[in-house]
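Descriptive analysis of the structure
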Amino acid sequence: MANELVTWSDELSVGNKTIDEQHQELVRMTNEFYAGCLMGGIMAKVYFLKTIQGAVHYIKTHFSTEEEILKMIEYPELEFHKKQHEDFIATVLEQVRAFETEDNPDPTGFIRFLMDWILKHIANMDKNYIPYLDKLKL
């Protein structure tokens, strides 16, 4: 896709169907936000405000699912991982509040934040629990 900011690849896969499908949806959402950002000006703001609440809900659902799986496999870094998720949600909500109050907001910072999260958290941090997934038979 020409307007893709992030492309799903095996490098992002953790080898768990449920988590991978949710991560793919997060990549899709990031690309969708990017496409909305390309509209520019007020159209970008309207699009962002229209779609962000659903995205936040989805992200919270994903984190909950992932944390349940990590609990089931007795992942030793679960608490640290949960903290990373909490920090991410807090940052997203801060950025949404700032975006809502600005007269001429620029959503590119938010899009960059999402892209960095995917590339750093999913591609690196989530890879740390792969060896523990063998405990899970899904």
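The following paragraphs examine the structure supplied in this document.

Thresholds applied
Residues numbered from 1 in each chain as written. Predicted model: local features only at pLDDT ≥ 70, side-chain atom pairs only at ≥ 80, totals over all residues. Heavy atoms only, no water. Helix = DSSP H or I, 4+ residues; strand = E, 2+ residues; numbered from the N terminus. Buried < 20%, exposed > 50% of the residue type's maximum accessible area, 1.4 Å probe, protein only. Contact = heavy atoms within 4.5 Å. Areas by Shrake-Rupley, 256 points an atom, 1.4 Å probe, with all protein chains shown as cover. Lys, Arg positive; Asp, Glu negative; His and termini not counted. Charge placed at Lys NZ, Arg CZ, Asp CG, Glu CD. 1 Å grid on protein atoms, 1.4 Å probe; cavity = no way out; pocket = protein on both sides within 12 Å on 5 of 7 lines; lining within 4 Å. Points joined across faces, edges and corners; volume = space filled by probe spheres on them. Nonpolar A, V, L, I, M, F, W, Y, C, P; charged D, E, K, R; others polar. Core = buried A, V, L, I, M, F, W, Y, C linked by side-chain atoms within 4.5 Å.

1. A short note on the overall build of the chain
The helix and strand inventory of the chain stands at four helices and zero strands. For the chain, the spread of C-alpha atoms along the principal axes amounts to about 50 × 30 × 20 Å. Within the chain, the proportion of its 138 residues that are buried is 41%. Within the chain, contacts between residues separated by at least 24 positions form 74% of all contacts whose residues are at least 6 apart in sequence. As displayed, the chain offers around 7900 Å² of accessible surface, 53% of which is attributable to carbon and sulfur atoms. Here the chain contributes 14 positive and 23 negative side-chain charges, whose respective centroids are spaced 3 Å apart.

2. Here we look at empty space enclosed by the protein
Under the criterion given, the structure shown has two cavities of 30 Å³ or more. What lines the largest cavity is a set of 14 residues, among which L26, T30, I59, F88 and L114 lie closest to the centre. Those elements giving two or more residues to the lining of the largest cavity turn out to be α1 (17-37), α2 (41-72), α3 (78-101) and α4 (108-125). Looking at the lining of the largest cavity residue by residue, the classes come out as 13 nonpolar, one polar and no charged. If you add up the space inside the second largest cavity, you get close to 40 Å³. Looking at the lining of the second largest cavity, its residues break down into seven nonpolar, one polar and no charged.

3. Looking at the nonpolar core
Among the nonpolar cores identified, the biggest contains 26 residues, and F33, F48, I52, F88 and F110 are the most heavily contacted of them. The set of elements that each furnish at least two residues to this core consists of α1, α2, α3 and α4. Excluding anything up to four places from it in sequence, F110 contacts F33, F48, I52, V92 and Q95. In this structure, I19, I73, Y75 and L133 belong to the second largest nonpolar core, which totals nine residues.

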